[in-house]
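If you want the building blocks of each chain, they are given just below.
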Amino acid sequence: MTRILWVGCHKLLVKTELVALRDLGLEVYRPTYLSEIYDQSAILEADSNPSSLPLEIIQILDSTNFFYEPISEEVSEVINEYFDACIVTISPN
């Protein structure tokens, strides 16, 4: 199975793009928006989609702020090992 890291939180994209990827049969992990930067269009709730990732990997990802923060070396290694692709729908630039 192909596993995607989908770094996005936009209310519309979560309901359209994220759903479309899952409908294609992809396993998609969507991190929770943990940033302190207010975003009126962000879904702030955690994604309830089940994952085949090991629990310790989910815990690392769940505690990582993927939005407006640099990614640690540990998280970079997790992404490279456990994901086939990464889609970023928000950019700090």
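Scroll up a little and you will see the structure.
Residues numbered from 1 in each chain as written. Predicted model: local features only at pLDDT ≥ 70, side-chain atom pairs only at ≥ 80, totals over all residues. Heavy atoms only, no water.

Some details on the sheet that holds strand E1 (residues 3-7)
Move 1: One open sheet accounts for three strands, arranged E2-E1-E3; its pairing is parallel. Two strands in the sheet have a free side with no partner beyond their single neighbour: strand E2 (27-29) and strand E3 (85-88). Each strand axis lies, on average, 25° off the axis of its neighbour in the sheet, ignoring direction.
Move 2: Inspection of the sheet shows E1 paired to E2 by three bridges, in the parallel sense. Across the sheet, Arg-3 pairs through a bridge with Glu-27, a residue of E2. (Pairing = 2+ DSSP bridges. Helix = DSSP H or I, 4+ residues; strand = E, 2+ residues; numbered from the N terminus. Axes fitted to C-alpha atoms, helices over the stretch in contact; angles between N-to-C directions.)

Some thoughts on unusual backbone geometry
Move 1: Here the phi dihedral of Tyr-68 falls at roughly 70°; this positive angle occurs in a residue that is not glycine.
Move 2: You can see Tyr-68 is positioned in the loop between helix H3 (55-62) and helix H4 (73-82).
Move 3: A relative accessible area of 30% means that Tyr-68 is categorised as partly exposed. (Buried < 20%, exposed > 50% of the residue type's maximum accessible area, 1.4 Å probe, protein only.)

Remarks on H4
An α-helical segment advances 3.6 residues per turn. Residues three or four places apart therefore align on the same side.
Move 1: Every buried residue of H4 is listed here: Val-75, Val-78 and Ile-79. Looking straight down H4, one finds that the buried residues subtend no more than 100° of arc, so they occupy a single side. Turned more than 90 degrees away from the buried face of H4, the exposed residues are Glu-73, Asn-80 and Glu-81.
Move 2: For H4, the secondary structure elements touched by its buried residues are E1 and H3. (Arc of directions from axis to C-beta. Contact = heavy atoms within 4.5 Å.)

Observations regarding the pattern of salt bridges
Move 1: Scanning all chains against the criterion turns up two salt bridges.
Move 2: A salt bridge links Glu-27 to Arg-3, with the nearest nitrogen and oxygen atoms 3.2 Å apart. Of this pair, Glu-27 sits in strand E2 while Arg-3 sits in strand E1; the two residues are 24 residues apart in sequence, bridging distant segments of the chain.
Move 3: Since its relative accessible area comes to 14%, Arg-3 is described here as buried.
Move 4: One salt bridge in this structure joins Asp-47 and Arg-22, with 2.3 Å as the shortest N-O distance. Taken as a pair, Asp-47 in the loop between E2 and H3 and Arg-22 in helix H2 (residues 17-23) lie far apart in primary sequence, 25 residues in all.
Move 5: With a relative accessible area of 25%, Asp-47 lands in the partly exposed category. (Salt bridge = Lys/Arg side-chain N within 4 Å of Asp/Glu carboxyl O.)

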